[in-house]
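# A look at the structure
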Amino acid sequence: MPSKLTDRTGVIFGVANKRSLAWSCAKALDAQGMRLCLTYATDRLGDGVRKLAEELNNPLVLRCDVTDPDEIDSVFVKIGDEFGHLDTVLHGVAFAKREELVGNFYHTTKDGYVLAHEVSAYSLTAVSRRALPLMEGREGTIVTLTYIGSERVVRNYNVMGIAKAALEASVRYLANDIGRHGHRVNAISAGPIRTLSASGVAGFSKILDHIEEHSPMRRNITGEEVGNTCLFLCSDMSRGITGSTIYVDSGYHIMGV
Ligand code: NAP
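Worth saying up front: this structure is predicted, and the values here are computed from it rather than measured. (Residues numbered from 1 in each chain as written. Predicted model: local features only at pLDDT ≥ 70, side-chain atom pairs only at ≥ 80, totals over all residues. Heavy atoms only, no water.)

Bringing the overall build of the protein chain into the picture now. Within the protein chain, the secondary structure is distributed over seven helices and seven strands. For the protein chain, the α and β elements follow one another from N to C terminus as β-α-β-α-β-α-β-α-β-α-β-α-α-β. Relative to the globule expectation of 18 Å for 257 residues, the C-alpha radius of gyration of the protein chain, 17 Å, shows essentially globular dimensions. If you line up the protein chain on its principal axes, its C-alpha atoms span 50 × 40 × 35 Å. Expressed as a percentage of the 257 residues in the protein chain, the buried residues total 53%. Nonlocal contacts in the protein chain, meaning residues at least 24 apart in sequence, comprise 73% of its contacts between residues at least 6 apart. Taking the average place of the 28 positive charges on the side chains of the protein chain and the average place of its 30 negative ones, the gap between the two points comes to 4 Å. (Helix = DSSP H or I, 4+ residues; strand = E, 2+ residues; numbered from the N terminus. Rg over C-alpha atoms; globule rule 2.2 N^0.38 Å. Buried < 20%, exposed > 50% of the residue type's maximum accessible area, 1.4 Å probe, protein only. Contact = heavy atoms within 4.5 Å. Lys, Arg positive; Asp, Glu negative; His and termini not counted. Charge placed at Lys NZ, Arg CZ, Asp CG, Glu CD.)

Here's what the structure looks like:
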């Protein structure tokens, strides 16, 4: 059993709705007593996320477009004012243009490539840097969400696969930077789950069927399973783990033919 997180605080990036993996992570951390700040990308999502937040224990809810440095700054200033310190960052943010998640990878535009990397990979570094002063002396934990399309070709995943590879490499470099201060950073490589972002990948239903047929466990994973792994990575139970990618994918990553 993970230790209770009652004296801890965390910030969650990437809640769009109740299907969001960031929301599954938020629920798991909140259930163990962590005080949370939820962030959402655009005003369009604000009412829905504030409604969801009513299910949690008195969270702070803020807007944060991770491509806007002033908005990221403002989130961490508000967290400092409200919580005084920070223990955990959950990074569950990704974006690529829908037209670049279908067909040949070589059609990726420069704009699309840069945008996918800015939102899906660089933002981890951008938020981690701002979190560090609030984590001082607290053995902070940072967790991000990735996908096997970073290391193997998944049809139509295209530029997002390249961005996820950059994200996973960022986890390793960040881990080396911050480890000496007692902080840790890890990635969860989740199997496919039907969310808003996932529905942007052409042929997503076929990917779900493929996992059901070919993964060792012959089933798809749940958001709750991702949330519980996030809880593990943010608790003292995982104190010796950093710079790692942990697979929550019904074992699919071990399969060859
Ligand atoms: P999701 O609910 O759509 O979450 C993605 C979030 O990223 C949304 O809240 C989205 O907001 C946000 N976002 C996009 N651009 C942003 C920006 N500029 N600033 C701030 N936030 C921004 O989908 P999800 O599947 O839970 O995705 C969460 C993470 O899990 C992603 O990193 C994804 O790649 C990863 N993952 C998902 C799966 C899966 O199958 N679902 C598998 C492995 C890994 P908008 O709705 O406004 O764009």
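Next, the rest of the story.
Another aspect to go through is the layout of surface pockets. Quantified by volume, the largest pocket comes out at close to 1,200 Å³. When contributions to the lining of the largest pocket are tallied by element, the ones reaching two or more residues are α1 (21-31), β2 (35-40), α2 (43-53), α4 (110-135), β5 (141-146), α5 (158-178) and α6 (204-214). Of the residues that constitute the lining of the largest pocket, the class distribution is 29 nonpolar, 12 polar and four charged. In this structure, the second largest pocket spans a volume of roughly 410 Å³. Looking at the second largest pocket, it is lined by 14 residues, and the ones nearest its centre are Val-153, Val-154, Arg-155, Ile-207 and His-210. Broken down by class, the residue content of the lining of the second largest pocket amounts to eight nonpolar, three polar and three charged. (1 Å grid on protein atoms, 1.4 Å probe; cavity = no way out; pocket = protein on both sides within 12 Å on 5 of 7 lines; lining within 4 Å. Points joined across faces, edges and corners; volume = space filled by probe spheres on them. Nonpolar A, V, L, I, M, F, W, Y, C, P; charged D, E, K, R; others polar.)

This part covers the site of the ligand. Near the ligand lie 30 residues; those nearest to it are Ser-20, Leu-21, Ile-193, Thr-195 and Ser-197. Between the ligand and the protein, one listed contact pairs an oxygen atom with a side-chain N or O atom of Arg-44 at 2.9 Å. At a separation of 2.5 Å, an oxygen atom of the ligand approaches a polar side-chain atom of Thr-195. In isolation the ligand offers 870 Å² of accessible surface; the protein chains occlude 92% of this area. At the level of secondary structure, the elements contributing two or more residues to the shell around the ligand comprise α2 and β5. Looking at the shell around the ligand, its residues break down into 19 nonpolar, eight polar and three charged. (Near = heavy atom within 4 Å. Polar contact = N/O pair within 3.5 Å; in protein donor to acceptor, adjacent residues only side chain to side chain. Areas by Shrake-Rupley, 256 points an atom, 1.4 Å probe, with all protein chains shown as cover.)

A separate point is unusual backbone geometry. Although it is not a glycine, Asn-156 adopts a positive phi angle of roughly 75°. When you line up the elements, Asn-156 lands in the loop between β5 and α5. The exposure class assigned to Asn-156 is buried, which follows from its relative accessible area of 15%. Unlike most non-glycine residues, Ser-250 shows phi in positive territory, near 55°.

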